[in-house]
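Below, each chain spelled out in residue letters.
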Amino acid sequence: MANPGPIAFAGSPVDRADHVRADPERLASLTNWKARLLALDGLFPSLDDAGRLAWTSLADAPENAELVFLGLLDEKACFAAVPKQGDASPRMANPRLWALMASLEPGDLALYGGARSLVDWHARHRFCAQCGANTRPAKGGWQRDCPKDDGGCGAQHFPRTDPVTIMLVEHQGRLMLGRGLGWPEGRFSALAGFVEPGETIEEAVAREVFEESGVRVRDVSYVASQPWPFPSQLMMGCHAYTDDDALDIDTTEMAEVCWFTREEVAASMAGDGPFITPPPHAIAHHLLSWWLEKG
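Residues numbered from 1 in each chain as written. Predicted model: local features only at pLDDT ≥ 70, side-chain atom pairs only at ≥ 80, totals over all residues. Heavy atoms only, no water.

> Help me understand the overall build of the protein chain, please; the structure alone is not making it clear to me.
Counting secondary structure elements, the protein chain contains 7 helices and 15 strands. Summarising its shape, the C-alpha atoms of the protein chain cover approximately 60 × 45 × 30 Å along the three principal directions. Looking at the protein chain as a whole, 45% of its 295 residues are labelled buried. With the model as given, the accessible surface of the protein chain reaches about 14,900 Å², and the carbon-plus-sulfur share is 51%. (Helix = DSSP H or I, 4+ residues; strand = E, 2+ residues; numbered from the N terminus. Buried < 20%, exposed > 50% of the residue type's maximum accessible area, 1.4 Å probe, protein only. Areas by Shrake-Rupley, 256 points an atom, 1.4 Å probe, with all protein chains shown as cover.)

Written out as structure tokens, the structure is:
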């Protein structure tokens, strides 16, 4: 099996430069004609003639737009403008968006994913969750403040990342995979779910697997992670074993949960098996490649 390669949305070439974010004078000194503005169509990436992410100057920013400092690239300050609206339905697949992302090289895809998550968060958090007052960007856009000098409460808000476990469960050389409600017929992937307050990763894996399939797992191990910008999650890929393959499926979440042999998984990954695999940009695809490689 070929090496699964880099994980999509990971490996951004931008230096996040926290020392610049935290220094208003230093940041202001970089906000000049040399600075670059990532060209976005709302939350969609814009591409240049070479198929790379398109960059413009700060002069091209929309009037009164909030600017977020992405970091330094080739010693130039990079910014993105916050759109008027965030994404209220990030789970909805948009064919045009996926086509654009599929054309990007890994570094550009990672840069776009991070920028999208950040500006989308700003667009959806313009008001304080504590008192409802207007908030303002701070620390180069890596924070929003509720200013007391404008009737606010002084609270500080930070971009959030939601942790999600996504896991392969193995029983005597077979893998458990599921098809969620509303998914196309034949499309299967690893089970997944959000980590809840007060849980470890291992506990979240065990709980989510049991809730969705009725299976108890053991020996949970971490494999890899992926930033997922829809809207802003950290997918934590794991592997676990079970001693009992009996299924009790939660039909409010899952359309199907099935066991597949190594041969069936390998054939499906090659495009000629009993199920449709996750797309290459999803960490579930990477996990399946990893499982086949480890033997």
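Don't stop here, the text continues.
> Would you mind going over the sheet that holds strand β7 (residues 136-138) with me for this structure?
The pairing of strands in a sheet comes from backbone hydrogen bonds and takes either a parallel or an antiparallel form. Read from one edge of the open sheet, 3 strands run β7-β8-β9, paired in antiparallel fashion. Edge positions in the open sheet fall to β7 and β9 (156-157), since each of these has one partner strand only. Packing of helix α4 (residues 106-123) onto the sheet brings it into contact with β7, β8 (143-145) and β9, and relative to β8 it is tilted by some 15°. (Pairing = 2+ DSSP bridges. Contact = heavy atoms within 4.5 Å. Axes fitted to C-alpha atoms, helices over the stretch in contact; angles between N-to-C directions.)

> Is there a simple way to think about the pairing of strand β6 (residues 76-81) in this case?
Remark: a regular strand shows side chains that alternate across the two faces of the sheet. The buried count for β6 comes to 5 of 6 residues, which makes it a mostly enclosed element. Note: strand β1 (residues 36-38) against β6, 2 bridges, orientation parallel. Bridging across to β6, Leu37 finds its partner in Phe79. Two elements, strand β5 (residues 67-73) and β6, share 6 bridges in a ladder whose sense is antiparallel. Residue pairing across strands places Val68 opposite Ala80, the latter belonging to β6. Two successive antiparallel strands, β5 and β6, enclose a turn made up of 2 residues, where Asp74 displays a positive phi of approximately 55°.

> Explain the pattern of salt bridges to me, please; I cannot follow it from the model alone.
Tallied over the entire structure, the rule returns 20 salt bridges. The salt bridge partner of Arg96 is Asp41, with a shortest N-O separation of 3.1 Å. Within this pair, whereas Arg96 is found in helix α3 (residues 95-102), its partner Asp41 is found in strand β2 (residues 40-41), the two being separated by 55 residues in sequence. For Arg96, a relative accessible area of 44% translates into the label partly exposed. Among the residues examined, Asp41 registers a relative accessible area of 42% and is labelled partly exposed. Where Arg207 meets Glu211, a salt bridge forms, and the shortest distance between an N and an O atom there is 3.2 Å. Taken together, the residues Arg207 and Glu211, both in helix α5 (residues 201-213) and 4 residues apart, mark about one turn of the helix. Taking the relative accessible area as the measure of exposure, Glu211 reaches 36% and is therefore partly exposed. (Salt bridge = Lys/Arg side-chain N within 4 Å of Asp/Glu carboxyl O.)

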